[in-house]
Amino acid sequence: MKKYTLYPGCVMQTEQYGYELSIREVFPVLGVELVDVENFSCCGEPVKSINQLLTLYLSARNLAIAEQQGFDLFVPCSVCHFALSECKNILDNDGGMRSRVNEMLASEDLEYKGKVGVVHTVDLLYDHVGVKEIKKHVKKPLKGLKIASHYGCHLVRPSEIGRPVDSENPMKIEAVLEALGAETMDYAEKLDCCGGLLLVNLPESALTKTGQKLQAVEEHGFDGLVTVCPWCQRMFDSRQKKAGETVAAKLEVPVFYLTQLLGLAFGLDERKLGLDLNLSPVDKLKV
Amino acid sequence: MSIKDLTSMAEAQVELREEINNRLLRLQNELSDYCFQCAKCTSGCEAHKLLELEPHKIMALLKRGLIDEMVNSDVIWTCMSCFKCRERCPQKVSPVDVLFALKNLAVMGGKQIPGNYTSMLQSILSMGLIQDVQEVQTRDMKTRRREDLGLPRVSKPKDASKFQMVLTKLAVEKV
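None of the values given here were measured: they were computed from a predicted structure. The residue numbering used here restarts from 1 in each chain and proceeds along that chain's sequence as written. Naming scheme: in the order in which they are written, chains are lettered from A and ligands are numbered from 1. Local features in a predicted model are, by the rule used here, given only for residues with pLDDT of at least 70; side-chain atom pairs are given and counted only at 80 or more, and totals for whole chains, interfaces and linings are based on all residues.

**As for the overall build of chain A**
Here is step 1 of the chain: A tally of regular secondary structure across chain A gives 13 helices and eight strands.
Here is step 2 of the chain: This radius of gyration counts C-alpha atoms alone. The globule rule is 2.2 Å times how many residues there are, raised to the power 0.38. What you see for chain A is a C-alpha radius of gyration of 19 Å, in line with the 19 Å of a compact globule of 287 residues.
Here is step 3 of the chain: Along the first, second and third principal axes, the C-alpha set of chain A runs to 55 × 45 × 30 Å.
Here is step 4 of the chain: Neighbour density around each residue's C-beta defines its exposure: 20 or more other C-beta atoms within 10 Å make it buried, 12 or fewer make it exposed, and counts between make it partly exposed, where C-beta atoms are placed from the backbone. Looking at chain A residue by residue over its 287 residues, the buried ones come to 58%.
Here is step 5 of the chain: In chain A, 78% of the contacts between residues at least 6 apart in sequence involve partners at least 24 apart. In this text, helices come from DSSP runs of H or I with a minimum length of four residues, and strands from runs of E with a minimum of two, each type numbered from the N-terminal end. Think of it this way: build a C-beta for each residue from its backbone, and any pair within 7 Å is a contact.

So this is what it looks like as structure tokens:
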């Protein structure tokens, strides 16, 4: 068993329970042990518009807590993964900023040393576990299902700080889906944004983005959409009905977390994967 | 400590004003050196079609010194932070980060913060997370709480007062 500290962020552990449930079910099957740690906080990215130093401090604080455990940090949220990666990038290259942040961390007896790596669901599956290992556990292949993948902006860009996937043509989710027996297809809107971060101040526009992408997925004839970020899922799945109203369309796109599809293909119990919490019509798909 | 302390430091402070002015000057100097108006940022911008955000025009206006106008405009709040502009800029200007800086400056200058940012910030201050633990609905309209699902306790700052203390200090420090 390889050990990782799980960083749950805000959205997943306060609302998107389907992601957390399926992560906790699927990774042990793949030989990955997840370690829970107290004392984490928000990564800071959602309030970067207000105060960037606050964002940097919050990210550094979380990394410093993870360092006390010593295992690499598994960050399932793309937004958190971006914030922590950017923080690492800044503090590892800017000694001045690093000592400034460490001065502040000292009040909680924390120190950032830059010792832990940060991984996301996609590279944990594709690079650390590997497609070969995943295939070994498939009991119910997702045959005949054509699934669209949505990576989420924060996971894909910017490549200069090191992202787990290619910035213009990411294919790792497709590789995992194909290992599960599903079909994949490239589509023009694949890299379009879910609108999630705009929900804070311009909800109409945010939901329009969501609706437009879901319409495109429907028009391309996909059976479903897969996400790897709680912010994206809460737009495409939790708010699909609202998004449909916003773009004046009746949307019926089943939306899953990648880890939920893994669980289904592994023959795990739907309930344990939190599938009853998906609000999009996932029953349409008979796996 | 209130949100106002953290975000605006409402009283006019000479030192703060100087700091803001210095940052504006730096912003302007760097942009003048690098951006050559290829508009690659705008061609990929997720907020362009929907909300008429045109990053290259904002860069041009900043170069011409219209910084206060940009800090006070609503358009800087339409960015979805998709990072396509930062990825694709051949000059590494990173309009998305310029927009973050402009928004930070607007907040520091005491401009009203749009949307739910304030409540998210308040929640981070009080419990370390952007929102409290939610009850959710299943597809067949049943209510589920986190603990019903067998999930462990949420991870949040153990010592809330120490956590808040640092954030207060951060507010006083210059961004």
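**Topic: the overall build of chain B**
Here is step 1 of the chain: Secondary structure assignment for chain B yields ten helices and two strands.
Here is step 2 of the chain: In sequence order, the secondary structure elements of chain B are arranged as α-α-α-α-α-α-α-α-α-β-β-α.
Here is step 3 of the chain: Sorting the 175 residues of chain B into buried and exposed places 35% on the buried side.
Here is step 4 of the chain: By sequence separation, contacts in chain B at least 24 residues apart represent 65% of the contacts at least 6 residues apart.

**Examining the domain arrangement of chain A**
Residue and element names in this part refer to chain A.
Here is step 1 of the chain: For the purposes of this description, domain bounds are those given by an automatic or database domain assignment. Partitioning chain A into domains gives domain 1 (2–119) and domain 2 (138–284).
Here is step 2 of the chain: Taking only C-alpha atoms into account, the centre of domain 1 sits 24 Å from that of domain 2.
Here is step 3 of the chain: Put simply, the parts of the chain that give the side of domain 1 that touches domain 2 at least two residues each are α1 (11–14), α2 (17–29) and α4 (78–93).
Here is step 4 of the chain: The element best represented in the side of domain 1 that touches domain 2 is α2, accounting for nine residues.
Here is step 5 of the chain: When residue character is reported, Ala, Val, Leu, Ile, Met, Phe, Trp, Tyr, Cys and Pro are called nonpolar, Asp, Glu, Lys and Arg charged, and the others, Gly included, polar. Its residues assigned to classes, the side of domain 1 that touches domain 2 shows eleven nonpolar, seven polar and three charged.

**What to know about the packing of helix α6 (residues 121–129) of chain A against helix α9 (residues 172–179) of chain A**
Residues and elements named next belong to chain A.
Here is step 1 of the chain: Helix axes are fitted to C-alpha atoms over the stretch in contact, other axes to C-alpha atoms as well, and angles between N-to-C directions run from 0 to 180 degrees. Contact pair α6 / α9: the axes reach a minimum separation of 10 Å and the direction vectors enclose 60 degrees. In this view, α6 runs oblique relative to α9, as classed from their interaxial angle. In this structure, α6 crosses over α9, and the sense of that crossing is left-handed. Residue-level inspection shows Val 122, Leu 125 and Tyr 126 of α6 in contact with α9, the latter providing Lys 172, Ile 173, Ala 175 and Val 176.
Here is step 2 of the chain: Within the contact of α6 with α9, the residues separate by chemical class into six nonpolar, no polar and one charged. Comment on the angle field: the value is read as roughly parallel under 35 degrees, roughly antiparallel over 145, roughly perpendicular from 65 to 115, and oblique elsewhere. Helix crossings fall into two classes, left-handed where the near helix is turned counterclockwise from the far one by less than a right angle and right-handed where it is turned clockwise.

**Some points on the nonpolar core**
Here is step 1 of the chain: If you look at the biggest cluster of nonpolar residues, it comprises 143 residues, and the most contacted ones within it are Ala60(A), Val75(A), Val176(A), Leu180(A) and Leu261(A).
Here is step 2 of the chain: Setting aside residues no more than four positions away along its own chain, Ala60(A) makes contact with Cys87(A), Leu91(A), Val101(A), Leu105(A) and Tyr112(A). Think of a nonpolar core as buried Ala, Val, Leu, Ile, Met, Phe, Trp, Tyr and Cys residues, each tied to the set through C-beta atoms within 7 Å.

**Thoughts on the confidence of the model for chain B**
Reading fine detail from the predicted coordinates is not recommended where pLDDT is low.
Residue and element names in this part refer to chain B.
Here is step 1 of the chain: For every residue, the predictor reports its confidence as pLDDT, a number between 0 and 100. With 87% of its residues at a pLDDT of 70 or more, chain B shows a mean pLDDT of 86.
Here is step 2 of the chain: Across chain B, strand β2 (residues 143–144) holds the top mean pLDDT of 97, while helix α1 (residues 3–7) sits lowest at 48.
Here is step 3 of the chain: Considering only residues more than four positions removed or in separate chains, one finds that residues 1–6, a stretch of pLDDT under 50, has eleven contacts.
Here is step 4 of the chain: Within the model, the stretch residues 8–12 combines pLDDT values under 50 with eight contacts to residues more than four positions away or in other chains.
Here is step 5 of the chain: Predicted complex metrics record ipTM = 0.95 and pTM = 0.94.

**Concerning the interface of chain B and chain A**
Here is step 1 of the chain: Counting residues at the interface gives 54 residues for chain B, matched by 47 residues for chain A.
Here is step 2 of the chain: Put simply, the parts of the chain that give the side of chain B that touches chain A at least two residues each are α4 (48–51), α7 (84–88), α8 (95–108), α9 (117–127) and α10 (160–172) of chain B.
Here is step 3 of the chain: The greatest single-element share of the side of chain B that touches chain A, amounting to seven residues, is contributed by α10(B).
Here is step 4 of the chain: Here the residues of the side of chain B that touches chain A are counted per class, giving 29 nonpolar, eleven polar and 14 charged.

**Regarding the sheet that holds strand β1 (residues 2–6) of chain A**
Here is step 1 of the chain: Think of it this way: DSSP has to see at least two bridges between two strands before they count as a pair. A sheet is described by the order of its strands in space; here four strands give the open sequence β2-β1-β3-β4 (chain A), paired in parallel fashion. Each end of this open sheet is capped by a strand with a single partner; those strands are β2 (32–35) and β4 (118–119) of chain A.

**Overview of the sheet that holds strand β8 (residues 255–257) of chain A**
All names here are of chain A.
Here is step 1 of the chain: One open sheet accounts for four strands, arranged β6-β5-β7-β8; its pairing is parallel. Unpaired on one side and paired on the other, β6 (183–184) and β8 mark the two borders of the sheet.
Here is step 2 of the chain: Pairing of strand β5 (residues 146–149) with β6, which is carried by two bridges, proceeds in the parallel orientation. Along β6, the bridge assignment pairs Lys 146 with Glu 183.

**A few points about α9(B)**
All names here are of chain B.
Here is step 1 of the chain: Of the positions making up α9, those classed as buried are Tyr 117, Leu 121, Ile 124 and Met 127. Down the axis of α9, the smallest arc covering the buried residues is 160 degrees, so these residues share one side.
Here is step 2 of the chain: Residue Gly 128 follows α9 closely and has a positive phi angle near 90 degrees. Note that the arc is defined by the directions from the helix axis to the C-beta atoms.

**A few points about α6(A)**
One full turn of an α-helix is made of 3.6 residues, so residues set three or four places apart face in the same direction.
Here is step 1 of the chain: Residues Thr121(A), Val122(A), Leu124(A), Leu125(A), Tyr126(A) and Val129(A) constitute the buried set of α6(A).
Here is step 2 of the chain: At the C-terminal side of α6(A), Gly130(A) shows a positive phi close to 95 degrees.

**Focus: the pairing of β5(A)**
Within a regular strand, the side chains alternate between the two sheet faces.
Here is step 1 of the chain: With three bridges joining them, β5(A) and strand β7 (residues 224–227) of chain A adopt parallel strand pairing. Note that in β7(A) the partner of Ser149(A) across the bridge is Val226(A).

**Brief notes about the packing of helix α3 (residues 52–69) of chain A against helix α5 (residues 95–105) of chain A**
Residue and element names in this part refer to chain A.
Here is step 1 of the chain: Contact geometry of α3 with α5 gives a least axis separation of 10 Å together with a crossing angle of 70 degrees. Put simply, α3 runs roughly perpendicular to α5. Here α3 contributes Leu 56, Tyr 57, Ala 60, Arg 61 and Ala 64 to the contact with α5, which in turn contributes Val 101, Met 104 and Leu 105.
Here is step 2 of the chain: Residue classes in the contact of α3 with α5 are distributed as seven nonpolar, no polar and one charged.

**Description of the environment of Glu174(A)**
All names here are of chain A.
Here is step 1 of the chain: Position of Glu 174 among the secondary structure elements: in helix α9.
Here is step 2 of the chain: On the basis of neighbour counts, which here come to 20 C-beta atoms within 10 Å, the residue Glu 174 falls in the buried class.
Here is step 3 of the chain: Taking the C-alpha atoms as reference, Glu 174 lies 9.9 Å from His 150; in sequence the two are 24 residues apart.
Here is step 4 of the chain: Not counting residues within four places of it along the chain, the set of residues in contact with Glu 174 comprises Ser 149 and Thr 184.

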